[in-house]
Amino acid sequence: MRSVRSWGRLGEAKHRVVALSNAKENALRHVLAESLPGLAYGNGRSYGDACLNPNGNLWQSRDLDHFVAFDPENGCLVCEPGVLLKDIMELTVPLGWMLPVTPGTQMITVAGAVANDVHGKNHHVYGSFGDHVERIRLLRTDGEIIECGPTVRSDWFAATLGGVGLTGFIVQVTLRLRRVPSAWLEVESKPYFDLSEFFALSDKAEPDWENTVSWIDCLGGGSGRGIFMQANFATVEGDTVPSTQLARKPKKIPFVPPVSFINRWSLKPFNNIYFWLNRQKKERILSHYQPFFYPLDNLHDWNKLYGPSGFYQYQSVIPREVGQEATSEMLREIRQSDQGSFLSVLKTFGDRRSVGMLSFPEPGVTLALDFPNRGKVTLDLFERLDSIVRQARGRLYLAKDARMPRDLFQAGYPRLVEFIKYRDPGISSAMSRRLID
Amino acid sequence: MQKKIVIVGATSAIATYCARIWVATGQPISIVLLGRDLERLGRVAADLSARNQHAVVTIKRADFLNPASIQTVIDQVESDEPTHLALIAQGSLGDQEKSQNDLGFNYTELHTNAVSPVLYAEAFAQHMAKTGKGTLVVIGSVAGDRGRRSNYVYGAAKGLVARYVQGLQHRFAGTEVKVILIKPGPTDTPMTSHLKDHGMRLASVEDVAKGIVEAVQVGKSVAYVPGKWALIMMIIRHLPNFIFNKLRI
């Protein structure tokens, strides 16, 4: 038995970790059958309890990290489940290809990206990760292999995309990559001083800019000031790019501080400085894709900064019609509770509906906030935020969640009833027990 | 002429990661993978081919214990182009307790971890001696530096490998044949997964592979990876018995 935590470090639980290394399907079939019920575990980047199965089995897929095929002519990539997005980017970017959708970290596995149907800053153009998956090879714990995709057994495909690992063990994924002119983006940053300004900036940017995102200072300004960023891939010649942004050595957080570095005393000055620094920045810069897409990947284990009690991430999506009002209410609750968040992201999603039955993205506006775990006060705040989300007919992101109540889950994910039929009875997670079983 | 690399025990995690670094340049390269299981070799070959479209990857089934077939397979491998770099990486992290109680198992462990790698090394040495050049890299282990109760069967095998490589180095001194011994510390591979249950800190296989590739590039004769193990093992080697014997390591 081994202690395993999820990214939020809210607590540790003993697991029987089964390291999968033999990629042969017969071998996998056998291992899975010997360790039921279990749950696939990739790189442990889910914040809450989606990747945990306390006192049970975890099928660790990190050693199943081989590419199966890559065709640089058409950008078709086949790989094993434990391949990291980082591996894919490093292989394909120099060849002019890239993952069409990538979340805020590249340190997640392909199967994790599928199981959480992750999204990125370009949702209004490229949708979510699942929109670029051509085939999933799924191994059920009863030994059956299910090959599914958008046109083949599409019901299984829709259940598995965003299905938080509950429909079977993913043994292979086929992706369709996109062309990029370079590894560089032209990024424009604009400060905004309230939410209506944010929405105006978003609306204006979406037709012309592939990537849009904003950092929001949830403690400052009238109804949330922030920095809005829009970016497009740039065509640059190889040797004209500023090399300063590259090859920075990753830094590590060497220990877990006894208390959270992010607390009510540090937060306001942090946010003020961050806002002020970014306001001073040149409005238009050339940025390598790594610092732009993965601003925190260079700081290993940044989650330790929140101290021994860990942290929650609260990410919601609210339909656009009530988006501004609900977001503003949520920010007000946060300010009043004297808790806050440094890594706060506010972003609009495009109109594309997600394929997955339990996929998170839907047309509207999404707000993601990190909160140091202060126990009851933090949970109480979440309850108040929940009621705003509930009333606005929004939903919370399973990849981030560690505590939402069942009724909010059921209300937010109406296709749950459909999903249940595709559950693998040999798979169980802390999340499935909390929300479904 | 494009570079030719031969890897024995190519499905081992350390070997796979080294090969990934070697093909990552995108340059034309020929790489021959030897191992016992063709299907598993095929998986590594597909991975390497995906990483470098200009790599020519061939796989070959090889017996690890039969001297005659070791000779044959290396003669075949060497029959077209001479090998620039040979990496000998097969091994099993045996079960010490089982080795103590089951002499048959013990015998196989010793052969897999000691006799097999040195026979392969000798087979390559025959060819490298003829052409007068080549680099031969053998994976040993920090465990070979001093016998310890927790894994002396494995350790003794790796110790034999170390002494054998030392002999080869002496034999080829002053020539363009380079023989390198790598001593990885405990590494996070599928072979060692169970150690993590005991809270053991393991080096990532990626870092270990980087260390190996670097040592080969620099041409070190003995390389501990990660480097800190050179110091740790120096201390362990020099501990007087009255202290050493009290340690449960």
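About the criteria used
Residues numbered from 1 in each chain as written. Chains lettered and ligands numbered in written order. Predicted model: local features only at pLDDT ≥ 70, side-chain atom pairs only at ≥ 80, totals over all residues. Helix = DSSP H or I, 4+ residues; strand = E, 2+ residues; numbered from the N terminus. Rg over C-alpha atoms; globule rule 2.2 N^0.38 Å. Buried ≥ 20, exposed ≤ 12 C-beta atoms within 10 Å, placed from the backbone. Contact = placed C-beta atoms within 7 Å. Expected span 1.5 Å × (residues − 1). Arc of directions from axis to C-beta. Core = buried A, V, L, I, M, F, W, Y, C linked by C-beta atoms within 7 Å. Nonpolar A, V, L, I, M, F, W, Y, C, P; charged D, E, K, R; others polar. Axes fitted to C-alpha atoms, helices over the stretch in contact; angles between N-to-C directions. Parallel < 35°, antiparallel > 145°, perpendicular 65-115°, else oblique. Left-handed = near helix turned anticlockwise from the far one by under 90°.

**Some words on the overall build of chain B**
Broken down by element type, chain B carries ten helices and nine strands. In terms of overall size, chain B behaves like a compact globule, its C-alpha atoms giving a radius of gyration of 18 Å where 249 residues would be expected to give roughly 18 Å. Projected onto its principal axes, the C-alpha positions of chain B cover 55 × 40 × 35 Å. By residue count, 44% of the 249 residues in chain B fall in the buried class. Contacts in chain B between residues far apart in sequence, at least 24 positions, make up 69% of those at least 6 positions apart.

**Side note on helix α10 (residues 376-391) of chain A**
Residue and element names in this part refer to chain A. For α10, spanning 16 residues, the distance from its first C-alpha to its last is 23 Å, which sits close to the expected 22 Å at 1.5 Å a residue. Taken together, the buried positions of α10 are L381, F382, L385, D386, I388 and V389. All buried residues of α10 fall inside an arc of 165 degrees around its axis, so they share one side. Facing away from the buried side of α10 by more than 90 degrees, the exposed set consists of K376 and Q391. Buried positions along α10 lie against β18 (311-318), α9 (320-336), β21 (395-396) and α11 (406-412). Backbone geometry just after α10 places R393 at a positive phi near 60 degrees.

**Re the nonpolar core**
Formed by 121 residues in total, the largest nonpolar core has its most connected members in A:V114, A:I170 and A:V173. Those residues in contact with A:V114, other than ones at most four positions away along the chain, are A:F129, A:G130, A:V133, A:I136, A:T160, A:L161, A:I170 and A:V173. In this structure, B:A114, B:V118, B:L136 and B:V213 belong to the second largest nonpolar core, which totals 72 residues.

**Examining the interface of chain B and chain A**
Counting from both sides, the interface comprises twelve residues of chain B and, opposite them, 14 residues of chain A. Looking at the side of chain B that touches chain A, the elements that each hand over two or more residues are α2 (38-51) and α7 (193-196) of chain B. The biggest single contributor to the side of chain B that touches chain A is α2(B), with seven residues. Looking at the side of chain B that touches chain A residue by residue, the class counts come to four nonpolar, two polar and six charged.

**Details of the packing of helix α6 (residues 195-205) of chain A against α9(A)**
Residues and elements named next belong to chain A. Where α6 contacts α9, the two axes come as close as 10 Å, and the packing angle between them is 140 degrees. Here α9 runs oblique to α6, going by the angle between their axes. As α6 runs across α9, the sense of the crossing is right-handed. Within the contact between the two elements, α6 uses L195, S196 and F199 and α9 uses Q324, T327 and S328. Residue classes in the contact of α6 with α9 are distributed as two nonpolar, four polar and no charged.

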